[in-house]
Structure formats: structure tokens, C-alpha cells
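Below are the chains, spelled out letter by letter.
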Amino acid sequence: MASLAQVAHRNQDATCYVGNLDPKCTDKMLVELFTQVGRVQSVHMPKDKMTQQHNGYGFIEFLDVMDADYAMTVLNMIKLYGRPIRVSKSSLNSKADQSRDVGANLFVGNLDPIDVDEALLYDTFSAFGTLIRAPRISREEDTEESKGFGFVSYDSFESSDMAIDCMHNQFLGNRQIVVQYAFKRDTNDSAVNGDEGNTTNKNSNLERHGSRAERMLAAQRHAQLKGTMIGGNSFKVNTQFAAGSHHHSNHTNNIPPPPPPTGMLSMPILGAGATGIPPPPPPPPPPPPLPNQFQSMPPPPPPPPPPPPPPM
């Protein structure tokens, strides 16, 4: 069992949480499974001190963050011993996800419970922008069957608006899905998000994501993040080159002309009516005459006359 120090020093950005594991699942099986999608650094499955049985979940640490993201996309909800496993980011990395959450959270309803899973939602909605977390489909606790709705979260409202414009009332898995902004979580009503598929919700006072205030806060956060990336100073376009050209425009007449090419230095100065083009080179000398032995040879004899035709 890994100690607390080992867990603290684990690369949380490259660590995946694996849940809903069968009791027969072992560390070796998880290593063999997750090495198919990336380079595994370590596997940790918390176990009971008395029975030495794992608690149904574990943590997979990869050498690369991209391998962890790819594992969440490919291996989430695959069946291991007949049970669909859940693969997501480690819960210790939830603060990083919250820092990227601007409120661009979408509700996707009327999903086909058989044909549509988290992987299909990721492949469909990741085409409109960057997802800050893996798509989530609400499922029954006992049977793990889909309830017919899920949630998708983007890092910007431009991406979520485009997803709504392109995917609302479109067919996905032989069903016409509903894509709209999700309701904000209400501490007084824990079942708000479970009834978001009903557009005639009786709780009409609830507010959805995508409000004007959220968009203004997202724009301010984006501007602060951009200023932090360039050292905290506001970026200014360098206009010194353009200003310098106008500043020295009055002194351009004092600049001496460039020197002539090196090939023109030795040319004589021609008259006023000359074109300045150098004369062409002299023609090549004629070929040498043939030797005397070839000149004294007689010409070849003429060919013999053709034979006369035979008499008729």
C-alpha cells in the first residue's frame, strides 16, 4: 500500500482515477490494461487492512499527461469482468479543473442509453473546443445504465455557444438530442441537475449557466491569464520602427548614393548618345584545317550500275 508521502509526490496531472472495479481485479491486470494506451509509472489500489481486498478503485500514474488524457478517452466505461469501469482525472486535481471552469457547462438530454456513451460524447463535442473534463453521463447506481442525459464542460463560452448552435435538435444515436446550458447547482435542491431534461421544470427560478455575468467574469479571467503569461505587463505593439522612419525622413537627401558594381568600375565613360552596354565578346576562332593525309585521299568510287532487267 502506498504511503501518504508517495501519494503527495505523485504527478496528479498524469494520474487517472479508476472506479467500479470488480473484486477479482488486481494491480497486474490494471498494468496490462493501461499499458495499451500509454507508459505507466505506478499503480495504486487502496486495500482494506483486515481483508487485504481493494476498495473498488485505484490510481494509475502515467509518465506523460497526454497518456492520461488518452486513457480517459479510450478506456472510460469499458467492461472489466462484466462491470464498466470509470476512468477520470484524480480527485486531488479537482482544483485545477475548477480554475478552468468558467461556467460554460452544457446539458445534453434525450441520449440513447445503448448507443451513446462518454466516448461518443467526447468525440462529438470536442470538435467545437477544449473540454476541461471528460463528459459525464448520469447512470443508475445499481445497474450502471444510462439515465438518458449527460454534461459537457468547455473552457470558453465561444465553444459552448458553437456546440449549442450545431448540435441542438440534431440526431445522435438515432435520437434527437437536446443541448442547452445546464442549471447552476443549488444547495437547497440536490435534484436540480437530475431533472434538467424537462424544459418545463417547475423550479422556474433556477438560473442556467451562460449568463451575462458569467461571460464578463470569463472575459476578465482570460485577460488576467493573458497578462500573467506575458509577465504581468500589458502587451504593446512595437511602433518604434515606423516612428523612426518618419523621424529620419528629412535627412534622406544627405545619404550618399551607393557605389557602382565592381564590374562597372573599369568601364570607360561613354558618350552622351551611348547606351552604356559593353561590346559583345569577339567570335571564336575557326577550327583548324584537316591534316594533309586526309586532304590527299581520293574520293570513293561510284557505286556499280544496277543489272539490266531480264528479257521478256
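Bear in mind that the values here come from a model prediction, so they are computed numbers and not experimental data.

Caption draft 1: Representation of the overall build of the protein chain within the structure. Within the protein chain, the regular secondary structure consists of nine helices and ten strands. Looking at the protein chain as a whole, 31% of its 312 residues qualify as buried. Counting contacts in the protein chain only where the partners sit at least 6 residues apart, residues at least 24 apart contribute 64% of the total. As displayed, the protein chain has an accessible area near 21900 Å², and 58% of this comes from carbon and sulfur atoms.

Caption draft 2: Seen up close, the environment of M162. With respect to the helices and strands, the residue M162 is situated in helix α6 (residues 157-167). Between the C-alpha atoms of M162 and G129, which are 33 residues apart in sequence, the distance is 8.7 Å.

Caption draft 3: How the structure looks around the sheet that holds strand β6 (residues 86-89). With antiparallel pairing, the four strands of this open sheet are ordered in space as β2-β3-β1-β6. A single partner strand is all that each edge strand has here, and the edge strands are β2 (40-44) and β6. When strand polarity is set aside, the average angle formed by the axes of neighbouring strands in this sheet is 25°. The pairing of β2 with strand β3 (residues 57-62) spans four bridges and is classified as antiparallel. Looking at β3, one finds that V40 is bridged to F62. Against the sheet, helix α2 (residues 27-34) touches β1 (15-19), β2, β3 and β6, its axis set at about 150° to β2. Relative to β6, helix α3 (residues 65-75) is tilted by about 145°, and along the sheet it contacts β1, β3 and β6.

Caption draft 4: Fine view of the sheet that holds strand β8 (residues 136-139). On the basis of which strands lie adjacent, the open sheet formed by four strands has the order β8-β9-β7-β10 and antiparallel pairing. Looking at the sheet topology across the chains shown, the edges are occupied by β8 and β10 (178-181). Adjacent strand axes in the sheet meet at a mean angle of 25° when their direction is disregarded. Sheet analysis places strand β7 (residues 105-109) next to strand β9 (residues 146-153), joined by five bridges and oriented antiparallel. Looking at β9, one finds that N105 is bridged to S153. Of the strands in this sheet, β7, β8, β9 and β10 are in contact with helix α5 (residues 118-125), which crosses β8 at around 150°. Sheet contacts for α6: β7 and β10; angle to β10, the most-contacted strand, approximately 150°.

Caption draft 5: Region of interest: the nonpolar core. Grouped together as the largest cluster of nonpolar side chains are 22 residues, with contacts concentrated most on V108, L121, F125, Y154, I177 and V179. When contributions to this core are tallied by element, the ones reaching two or more residues are β7, α5, α6 and β10. Among residues more than four places away in sequence, those in contact with I177 are V108, G109, N110, L111, F125, M167, H168, N169, Q170 and L172. Counting 17 residues, the second largest nonpolar core, distinct from the first, contains I60, A68, A71 and L75.

Caption draft 6: Layout of the pairing of β1. Within β1, four of the five residues are buried, which leaves the element mostly enclosed by the surrounding structure. In this structure, β1 lies alongside β3, joined through five bridges in antiparallel fashion. Bridge pairing in β3 links G19 to Y57.

Here is what the cut-offs are and how they apply
- All residue numbers refer to position in the chain's written sequence, counted from 1.
- Local features in this predicted model are restricted to residues whose pLDDT is 70 or higher, and side-chain atom pairs enter the listing and the counts only when it is 80 or higher, whereas totals over whole chains, interfaces and linings include all residues.
- By convention in this description, side-chain values take in all heavy atoms of the structure and omit both hydrogens and water.
- A run of DSSP states H or I qualifies as a helix once it reaches four residues; a run of E qualifies as a strand once it reaches two. Both are numbered from the N-terminal end.
- Whether a residue is buried, partly exposed or exposed follows from its accessible area with a 1.4 Å probe, protein chains only, as a fraction of its type maximum: under 20%, in between, or over 50%, in that order.
- Any pair of residues with heavy atoms lying within 4.5 Å of one another is described as a contacting pair.
- Residue-level accessible areas treat just the shown protein chains as cover; the underlying method is Shrake-Rupley with a 1.4 Å probe.
- Each pair of strands is called paired provided DSSP finds at least two bridges between the two strands.
- Only the stretch in contact is used when fitting a helix axis, every axis being a line fitted to C-alpha atoms; angles between N-to-C directions are given from 0 to 180 degrees.
- Residues belong to a common nonpolar core when they are buried Ala, Val, Leu, Ile, Met, Phe, Trp, Tyr or Cys residues joined through side-chain atoms within 4.5 Å.

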